[in-house]
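Next come the chains, spelled out residue by residue.
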Amino acid sequence: MTMIRKLCRSLPPALAALMLMACQGPPDDGRSPLPIPEDRLLTHEAIFADKAYDAESPKSVHWLEDGSGYTVLEDPAGADRGPEEEPVDDDAEDDEDDGPKDIVSYDPETLESRILVPAARLTPEGADRALSVDDYAWSEDRSKLMVYTNAERVWREKDRGDYWLLDFDSGELWQLGGEGAAASSMLFAKLSPDGGKVAWVRDNDIYVQDLVSRDIVRLTSRDSESIINGRFSWAYEEEFSIRDGFRWSPDSRSIAYWQFDTSGVKDFLLINNTDELYPTITRIPYPKVGETISAARVGVVDLESGATTWARLPGDPRNTYIPRMGWADNSGQLIVQHVNRKQDTNDVYYVDAKTGAAALLFTEKELHFLDDFVDVEWIEGADAFTWISERSGWRHIHRVSRDGATIVDLTPGEFDIVELESIDDAGGWLYFIASPANPTQRYLYRTRLDGSGGMERVTPDEFAGTNSYDVAPGARWAIHTHSSFMQPPQYRLVALPAHRVTHVLEDNRALIDKLASLELGDHEFFRVAARDGLELDGYVIRPPRFDPSQRYPVVNYVYGEVAGQTVRDMWGGNRHLWHLLLSQRGFVVASVDNRGTRSPRGREWRKSVYGAIGVLASRDQADALQAMQERWSWIDPARTGIWGHSGGGSMTLNMLFRYPDQYEVGISRAPVTDQRLYDAIYQERYSGLLEEYADGYTEASPITHAAKLEGKLLLIHGTGDDNVHYQASERLINELVRLNKPFDFMSYPNRTHAIREGDGTELHMYSTMTSYFAGHLRP
């Protein structure tokens, strides 16, 4: 068959297709070539339409401020609330249960419940049903409850909606924001620390309302449509993971906020051709590589005078970023992180809220790039705050004195911390996630806040795999989530630090039993060496009834860029289930993390790819594939496929174009085909400034190497992708047409980057992908 393929490559596309079809037989019908009973097989319909293998999860928890218990939303009183009856998560993407809810508190030791706010109290006067609660927040003295409802999506999250206030003293429920305001027009409403006011963003300005007089004051006033106050531009939200753009002062007398001037930033237009008779247009200010970026600044508005004092930070705001800002404890100062456009230098300033004067505290600098911009956490009684840095070569948590003169590494050693989880000020402990021995796993550790003594692992050995925690204030309790490669997530209420399990909130036993009834192959985590000897982590899933004397086609799942890690000992949801479906159809499924991925393996691992994203990474992927073929004779080197999404779509193209002799088939979803088309914050951080690395941008972009395509390519993209624009695939299509290279293409109208929206979308997409691999790799 390999000889036939090589012959076909020399023929005109139409003749080649006929020859391959004649040799290979009819297209795949989606059934397993293995003699597995139908009732032990996964199906696309069960995974993507019926959601038969979706994992359950407990309701979203709100810990009480003193850490003594938690609250959840539940159906109105009447049903038993025992631990076996914990309701499923109403924050899930597909949950449509917007009926009335009680707010119920639980004692974590006994699970004794008490209704704090019955649904009846959340029913507006004259209404026949209670508010649909999307979220809620208590005032610090718990005399007031603010309810968020009618939430609508803004880019990624449901940030825009309506807010109501329940006053427990008066018993009154009333709508915030004033009469006549448009529905679902308020963003990020927050009660002041003293509970007397609420502030929010509407139409890119900040408003405040007094909760006694109910008077509303507009605190900012834009003089141009290009000005944004109190919220973020698309690029900041996407690349700095920050959405809420204002902060109450501890004394409730002023508000610090971001302001963006997007003038000069070019709009990218998303065209919707299907929802109306004529196309509709969505405009997004989207700074691409080398283009003008938004000018950001920070101000403090005094509520009494209404005047804003601007932080006097140095440099050109068109060539700097402010990814984090907050109040420096109760000092009357802000602590502001000020980053250059290249993103290799983070100057940390104190800013006087009254005068705007900025004093440099310290500077965090890297040879290549900084990619961790995290809010500082103030340590009570220590006159110090936490700081995450890679200055040691590893990602560690440091304690920084208020004057910046003393910086202590709290997590020393040759390992990365993954996340700062919680600070126990009273006990003097710092809790964090790490996995020093195995970068595919995650565990909870703790260490002393004063830097004395060694760290302790909190997660017991029995929970091998990936562990995450929602820790209560005071770190006495936590919701523990545990999963592994073949085990769906389980949720437990645990007492810390002993990790004593008091209650199992959700064990997903029904799903585990359903998976056990399937006929599945085994899996293995492994390591292979790149050509320079560097060990790369990988996993492989073998088909059921595996016969090592036979040869199997392999499908490689890839991401390969700095924002993700594919080789994880954790439950992977529907994508993982689809990989298991492929294995039941006779495929070996594998994945390898090349250097540069977000694996906790140190600074050099992650930053060695700087200036050439995709070049060294694709070489690692090719080396890994070759090493796997040499190690395992049951991998058929003539039947190799690869697929990936977003950065993985880009890597799929890189592998097909750069290493055409190794890959027969590739499916590329939502790829960045030319790195100059992506947003400036992300791409310039990892690829360098265009004026300094122009050649690197050209060499690292898959479109540059399209002429070397020899295998089968299926390109998939959503036309409504606001992240990696459909434009990227259109440019590649033009190039492949110019080169007379045959390929296949599937567009999904108005789907965003995730390609999930719309009835039947995921079912259709994954069914198409299965048929494509089966038809060309012939398991």
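As the structure is a prediction and not an experimental result, all values here were calculated from the model.

A.B. asks: Could you clarify how one ought to interpret the overall build of the chain in this entry?
C.D. replies: Secondary structure summary: the chain contains 13 helices and 43 strands in total. Computed over its C-alpha atoms, the radius of gyration of the chain comes to 27 Å, within 12% of the 28 Å expected for a compact globule of 779 residues. Considering only C-alpha atoms, the chain reaches an extent of 80 × 65 × 60 Å along its principal axes. For the chain, buried positions account for 57% of its 779 residues. A fraction of 60% describes how many contacts in the chain between residues 6 or more apart in sequence connect residues 24 or more apart. When the accessible surface of the chain is summed, it comes to about 32,000 Å², and 47% of that surface belongs to carbon and sulfur atoms.

A.B. asks: Got a minute to help me understand the pairing of strand β6 (residues 144-154) in this structure?
C.D. replies: Within a regular beta strand, the side chains point alternately toward one face of the sheet and then the other, so they alternate between its two faces. Of all eleven residues making up β6, eight are buried, and the element is well covered by its neighbours. Here strand β5 (residues 135-138) runs beside β6; their pairing, made up of four bridges, is antiparallel. Among the inter-strand pairings, Y136 is bridged to a residue of β6, identified as V147. Connecting β5 to the antiparallel partner β6 that follows it, the hairpin turn spans five residues, and R142 within it adopts a positive phi of roughly 60°. For β6 and strand β7 (residues 157-167), the ladder comprises eight bridges, and the chain directions are antiparallel. Within the sheet, the bridge partner assigned to E152 lies in β7 and is R160. From the end of β6 to the start of β7, which pair antiparallel, there are two residues, and W155 there has a positive phi angle of about 60°.

A.B. asks: Would you explain the sheet that holds strand β28 (residues 417-424) in this entry?
C.D. replies: Backbone-to-backbone hydrogen bonds pair the strands of a sheet. The strands run either parallel or antiparallel. One open sheet accounts for four strands, arranged β28-β29-β30-β31; its pairing is antiparallel. Pairing within the sheet leaves two strands with one partner each, and these edge strands are β28 and β31 (456-457).

A.B. asks: I would appreciate a short explanation of the sheet that holds strand β26 (residues 396-401) in the present structure.
C.D. replies: Strand order in the open sheet made by the four strands is β24-β25-β26-β27, with antiparallel pairing throughout. Each edge of the sheet is formed by a strand with only one pairing partner; in this case those strands are β24 (378-379) and β27 (407-409). Of the pairings in the sheet, the one linking β24 to strand β25 (residues 384-389) comprises two bridges and is antiparallel in character. In the sheet register, W378 faces β25, and the bridge partner there is F385.

A.B. asks: Explanation requested: the side chain of E74 in the structure shown.
C.D. replies: Inspection of the secondary structure puts E74 in strand β2 (residues 70-74). Separated by 2.6 Å, the side chains of E74 and Y106 make a polar contact.

A.B. asks: It is not clear to me how helix α10 (residues 680-687) should be interpreted in this structure. Could you clarify?
C.D. replies: Since the α-helix packs 3.6 residues into each turn, any two residues three or four apart lie on the same face. Within α10, eight of the eight residues are buried, which leaves it mostly tucked inside the rest of the structure. At the N-terminal end of α10, a side-chain oxygen is found 3.1 Å from the backbone nitrogen of I681, two or three residues along, and the residue is D679. Immediately downstream of α10, the backbone of G688 shows phi near 90°, a positive value.

A.B. asks: Can you help me understand the packing of aromatic side chains in this one?
C.D. replies: The geometry of an aromatic ring pair is captured by two quantities: the separation of the ring centres and the angle between the planes. A full pass over the atoms with the stated rule returns 38 aromatic pairs. The interplanar angle of 90° and the centroid separation of 4.8 Å between the aromatic rings of F369 and Y686 together place this pair among those described as edge-to-face. Within this pair, whereas F369 is found in the loop between β23 (358-365) and β24, its partner Y686 is found in helix α10, the two being separated by 317 residues in sequence. The two residues F369 and Y686 agree in class, both being buried. Judged by centre distance (6.3 Å) and plane angle (70°), the ring pair of F525 and Y539 falls under edge-to-face. With a gap of 14 residues between them, F525 in strand β36 (residues 523-529) and Y539 in strand β37 (residues 535-541) connect regions that are remote in the sequence. Residue classification places Y539 among the buried residues on the basis of a relative accessible area of 4%. Aromatic rings pair up to connect F232, Y236, F240, W258, F260, Y321 and F373 into one cluster. Over the aromatic face of W174 sits the side chain of R214, whose NZ or CZ is 3.9 Å from the ring centroid. In this structure, R601 packs its charged tip against the face of W605, placed 4.1 Å from the ring centre.

A.B. asks: Before we go on, may I ask you to explain the environment of M651 in this structure?
C.D. replies: With respect to the helices, strands and loops of the structure, M651 is situated in helix α9 (residues 647-658). What makes M651 buried here is its relative accessible area of 2%.

A.B. asks: Any chance you could explain the pattern of salt bridges here in plain terms?
C.D. replies: For side chains bearing opposite charge, pairing can occur when the charged atoms are close. Inspection of the entire model under this criterion finds 48 salt bridges. The salt bridge partner of D244 is R247, with a shortest N-O separation of 3.7 Å. Ionic pairing is found between E366 and R603, a salt bridge with its closest N-O pair at 3.6 Å. Separated by 237 residues along the polypeptide, E366 in the loop between β23 and β24 and R603 in helix α7 (residues 603-607) bring together distant segments of the chain. Its relative accessible area of 27% is what places R603 among the partly exposed residues. Taken together, the shared-partner salt bridges in this structure form one network comprising E366, E390, D416, R603, R606 and K607.

A.B. asks: I tried to follow the confidence of the model for the chain on my own but got confused; where do I start?
C.D. replies: Per-residue confidence for the chain gives a mean pLDDT of 93, with 93% of residues at or over 70. Contacts from residues 12-29, a stretch scored under 50 in pLDDT, to residues over four places away or in other chains number 24 contacts. Considering only residues more than four positions removed or in separate chains, one finds that residues 79-96, a stretch of pLDDT under 50, has 35 contacts.

A.B. asks: I tried to follow the nonpolar core on my own but got confused; where do I start?
C.D. replies: Most often, soluble globular proteins keep nonpolar side chains buried together rather than apart. Counting residues in each nonpolar core, the largest one holds 48 residues, and the members touching the most others are Y236, W258, Y321, I322 and L334. In terms of nonpolar packing, the next biggest core, distinct from the first, is built from 36 residues, Y53, Y539, W571 and A774 among them.

A.B. asks: I'm lost on helix α11 (residues 690-700) in this one. Help?
C.D. replies: All buried positions along α11 are accounted for by G696, Y697 and A700. The buried residues of α11 occupy an angular sector of 110° when the element is viewed end-on, so they sit on one face. Opposite its buried face, α11 presents the exposed residues E691 and D695, each directed more than 90 degrees away. In this structure, the buried side of α11 is in contact with α8 (615-631), α9 and α10.

A.B. asks: When you look at the packing of α8 against α9 in this model, what are you seeing that I'm missing?
C.D. replies: When two helices pack together, their arrangement is given by the angle between the helix axes and the distance between those axes. Running from N to C, α8 and α9 point in directions that differ by 70°, and their axes come no closer than 10 Å. In terms of orientation, α8 and α9 fall into the roughly perpendicular class. Where α8 crosses over α9, the two elements pack in a sense that is right-handed. Contacts between α8 and α9 involve V615, A617, S618, Q621 and A622 from the former and M651, N654, M655 and R658 from the latter. Tallied by class, the residues present in the contact of α8 with α9 amount to five nonpolar, three polar and one charged.

Each value, and the rule that gives it
Residues numbered from 1 in each chain as written. Predicted model: local features only at pLDDT ≥ 70, side-chain atom pairs only at ≥ 80, totals over all residues. Heavy atoms only, no water. Helix = DSSP H or I, 4+ residues; strand = E, 2+ residues; numbered from the N terminus. Rg over C-alpha atoms; globule rule 2.2 N^0.38 Å. Buried < 20%, exposed > 50% of the residue type's maximum accessible area, 1.4 Å probe, protein only. Contact = heavy atoms within 4.5 Å. Areas by Shrake-Rupley, 256 points an atom, 1.4 Å probe, with all protein chains shown as cover. Pairing = 2+ DSSP bridges. Polar contact = N/O pair within 3.5 Å; in protein donor to acceptor, adjacent residues only side chain to side chain. Phe/Tyr/Trp six-rings, centres within 6.5 Å; stacked < 30°, edge-to-face > 60°. Lys NZ or Arg CZ within 6 Å of the ring centre and 35° of its normal. Salt bridge = Lys/Arg side-chain N within 4 Å of Asp/Glu carboxyl O. pLDDT = per-residue confidence, 0-100. Core = buried A, V, L, I, M, F, W, Y, C linked by side-chain atoms within 4.5 Å. Arc of directions from axis to C-beta. Axes fitted to C-alpha atoms, helices over the stretch in contact; angles between N-to-C directions. Parallel < 35°, antiparallel > 145°, perpendicular 65-115°, else oblique. Left-handed = near helix turned anticlockwise from the far one by under 90°. Nonpolar A, V, L, I, M, F, W, Y, C, P; charged D, E, K, R; others polar.

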